[in-house]
Structure formats: C-alpha cells, structure tokens
Amino acid sequence: MCKERSDFGDDFPEHIAIIMDGNGRWAKSQGWKRVRGHQEGVNSVRAITTECARLGVKSLTLYAFSVENWKRPKAEVSFLMKLLRSFLVDERPTLMENNIRLIGIGRLEDLPDESLAELRETELMTAGHDGMKLRLALSYGSRSELADAARALAEDVVAGKLAPKDIHDETLRDYLYDPTTADPDLVIRTAGEMRLSNFLLWQASYSELYVAPMGWPEFREPELHAALESYGGRTRKYGGLVSDLPPEQPSPSQGR
Ligand code: FPP
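Residues numbered from 1 in each chain as written. Predicted model: local features only at pLDDT ≥ 70, side-chain atom pairs only at ≥ 80, totals over all residues. Heavy atoms only, no water.

Moving on, we get to the pattern of salt bridges. Counted under the stated rule, the structure contains 25 salt bridges. For glutamate 123, the salt bridge is made with arginine 120, and the minimal N-O distance between the two is 2.7 Å. Residue glutamate 123 and its partner arginine 120 are both found in helix α5 (residues 113-126); the two are separated by three residues, about one turn of the helix. The class for glutamate 123 is buried, based on a relative accessible area of 15%. Classification of arginine 120 as partly exposed rests on a relative accessible area of 41%. A salt bridge links aspartate 178 to lysine 133, with the shortest nitrogen-to-oxygen separation between them at 3.2 Å. Here aspartate 178, found in the loop between α6 (142-158) and β5 (186-189), pairs with lysine 133, found in strand β4 (residues 133-140); they are 45 residues apart in sequence, far enough to count as distant. Summarising the burial analysis for this pair, aspartate 178 and lysine 133 share the class buried. (Salt bridge = Lys/Arg side-chain N within 4 Å of Asp/Glu carboxyl O. Helix = DSSP H or I, 4+ residues; strand = E, 2+ residues; numbered from the N terminus. Buried < 20%, exposed > 50% of the residue type's maximum accessible area, 1.4 Å probe, protein only.)

Below, the structure written as structure tokens:
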C-alpha cells in the first residue's frame, strides 16, 4: 500500500542512515554465490532511495563499503568496485528524475580511479539538486574519519587558526567529511546484527536504532515503512527527562 509522510505522524526522521548488511548470507540462503547478494542489493538501494526521496527524507546515508571491506577476497572487492561504477552510471536518470543530490563520504582517494571518476561525475551532475541528499559511505570508517578530523584540527592549531581553548563538543563537526548534514535521526541495520560497525560513531550519538531481521536484498518499501512506524513511536530525550522536552504544540484540530 502506498504510504504518505503524514501516515507516520509528526515524528519523521530528517536523516536516515543504513548499514546494509546480509547480502552474502541472503545469496547463500538462495543457493547462489555471495556476490549475487550485492547485485540484488542494488535493487534495494534504488527502491529505498526513491521511497525516501518521495516521502521527503532530507538525507539518506548508505554504508556501501567500509575501510575494513578492503580485507575481503580480491575478487569480491573488485566485483563491488565494478558494481559501484555501474551503479553510479545507471542510476543517474533516477537521481535526475527525483531531484536527488549524491555525494561520497569516506577515504574516497582509496577508490580505484575509474570508480572515483564516475563518483565525481555523478556528484557534479547532481550538485544543483535541492531534494534529498544521498550520501554513499565509501572506504568509510568512523575511526578513520575521526583520525582525519583530528589531524586537520591539529594542523589548524599549529597554524594558529584555532586556539585549544576554543575546541568544544561541536568543533570537531567542522572537520568531519560532510559537516553540513545534520546527524542521523534513525540508524537502520539489516540482517539482525546489533552493532554499529564503525559507522557514524560521532554523528549517531543520539540516533534511534532499528534492527531489521532480513538481509539487505529483502529490505524494500514495506520494511522501510515498519522502521518509520517504529521511529514514530519513540521518545527522544537526548539524555534529559521527558518533562524537559518542549510541550507539544496544539494541532489545528485541537483549536486554540
Ligand atoms: C554487507 O553485506 C554489504 C556490503 C559489504 C556491501 C554493500 C553493497 C551493496 C548493498 C550493493 C552495492 C551498493 C552500491 C551503492 C553500489 P555482507 O556481504 O557483509 O553480507 P554477509 O554479512 O551476509 O556476508
């Protein structure tokens, strides 16, 4: 059934981040090779991206390749890099039609030249779009991001651009890969695993977590809707008490 944003109530996540897990297990369960799971995973990426854009999600971050994934067998890494390249080319019409801006975050310089070139081209083609921002985390790891941020911050201190006394909780944000995107409200992980696996550790400090049991190739619109329904029923306290939260504004139907 087609759902609208209003079906999920007032609490709707502006930024959703997803750990797309279980491609290999899903393929094996069908009697196929692991890489077939990655191939099918692309169909979930397309379905979830277009549904998030349609519902008015502002940012969607997908964990597509971690810094640790380079340790996988060479054939699988090479398959994933080719898949990334074809995804970046094939999905351009979808990104254009849906006003989606795509960017990469991570140690992008580690990507093979051809994949990086297609990423840069897609970023350029979609740079003017003001709809949803789709962030692909590629060669991404939170510890690497924080190390890269700490190095850049230290360089600014050495250059006299920043005084140590001016470093506060929020200062580090300016040195992250994409400081202008708000923190994720909701982090979804598929395949039933209950961990963050080095994903957005700084940004997800107050994110709501949702774990879906199925592998990523089976995570489609109805499964996304279930996650949004779960999010709608949460109370976010940011470490305070429920009584500290601002009172609810009366809805128009409640009168003045
Ligand atoms: C985890 O499944 C998934 C990955 C390491 C890669 C994610 C890639 C895709 C969803 C497809 C390609 C996406 C783009 C954007 C081109 P796993 O292999 O760890 O599964 P397992 O835990 O069952 O082994």
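Let us keep going from here.
Within the structure, the ligand sits among 16 residues, and Gly24, Arg25, Arg34, His38 and Arg72 are positioned closest to it. Between the ligand and the protein, one listed contact pairs an oxygen atom with a backbone N or O atom of arginine 25 at 2.7 Å. The fraction of the free accessible surface of the ligand (620 Å²) that becomes covered by protein chains is 92%. Using a 2 Å cut-off from the grid points, one finds that the ligand occupies the largest pocket. Among the elements of the structure, α1 (23-29), α2 (34-55) and α3 (74-90) are those that each provide at least two residues to the shell around the ligand. (Near = heavy atom within 4 Å. Polar contact = N/O pair within 3.5 Å; in protein donor to acceptor, adjacent residues only side chain to side chain. Areas by Shrake-Rupley, 256 points an atom, 1.4 Å probe, with all protein chains shown as cover. 1 Å grid on protein atoms, 1.4 Å probe; cavity = no way out; pocket = protein on both sides within 12 Å on 5 of 7 lines; lining within 4 Å. Sits in = over half its atoms within 2 Å of the grid points.)

Between α2 and α3, the shortest axis-to-axis distance is 10 Å and the interhelical angle comes to 25 degrees. In this view, α2 runs roughly parallel relative to α3, as classed from their interaxial angle. Viewed along their axes, α2 and α3 form a crossing whose handedness is right-handed. Across the interface between the two elements, Arg34, Val35, His38, Gln39, Val42 and Val45 from α2 touch Glu76, Phe79, Leu80, Leu83 and Phe87 from α3. Residue composition of the contact of α2 with α3, grouped by class: seven nonpolar, two polar and two charged. (Axes fitted to C-alpha atoms, helices over the stretch in contact; angles between N-to-C directions. Parallel < 35°, antiparallel > 145°, perpendicular 65-115°, else oblique. Left-handed = near helix turned anticlockwise from the far one by under 90°. Contact = heavy atoms within 4.5 Å. Nonpolar A, V, L, I, M, F, W, Y, C, P; charged D, E, K, R; others polar.)

It is worth spelling out α6 at this point. Across its 17 residues, α6 extends 24 Å between first and last C-alpha, which sits within 8% of the 24 Å expected from 1.5 Å per residue. Within the sequence span of α6, burial applies to Ser142, Ser144, Glu145, Asp148, Ala149, Leu153 and Asp156. Viewed end-on, α6 has its buried residues packed into an arc of 165 degrees, placing them on one side of the element. In α6, the exposed residues that point more than 90 degrees away from the buried face are Arg143, Glu155 and Val158. Tucked inside the fold, the buried residues of α6 contact β4. Within two residues after α6, glycine 160 carries a phi angle of roughly 80 degrees, on the positive side. (Expected span 1.5 Å × (residues − 1). Arc of directions from axis to C-beta.)

Spatially, the six strands line up as an open sheet ordered β3-β4-β2-β1-β5-β6, and their pairing is parallel. Edge positions in the sheet fall to β3 (101-105) and β6 (208-211), since each of these pairs with one other strand and no more. Direction aside, neighbouring strands of the sheet carry axes that sit 20 degrees apart on average. Across five bridges, the pairing between strand β1 (residues 15-19) and strand β2 (residues 59-66) is parallel. Paired with isoleucine 18 across the strands is leucine 62, a residue of β2. Sheet contacts for α3: β2, β3 and β4; angle to β4, the most-contacted strand, approximately 160 degrees. Contacting β3 and β4, α5 runs over the sheet at an angle of about 145 degrees to β3. (Pairing = 2+ DSSP bridges.)

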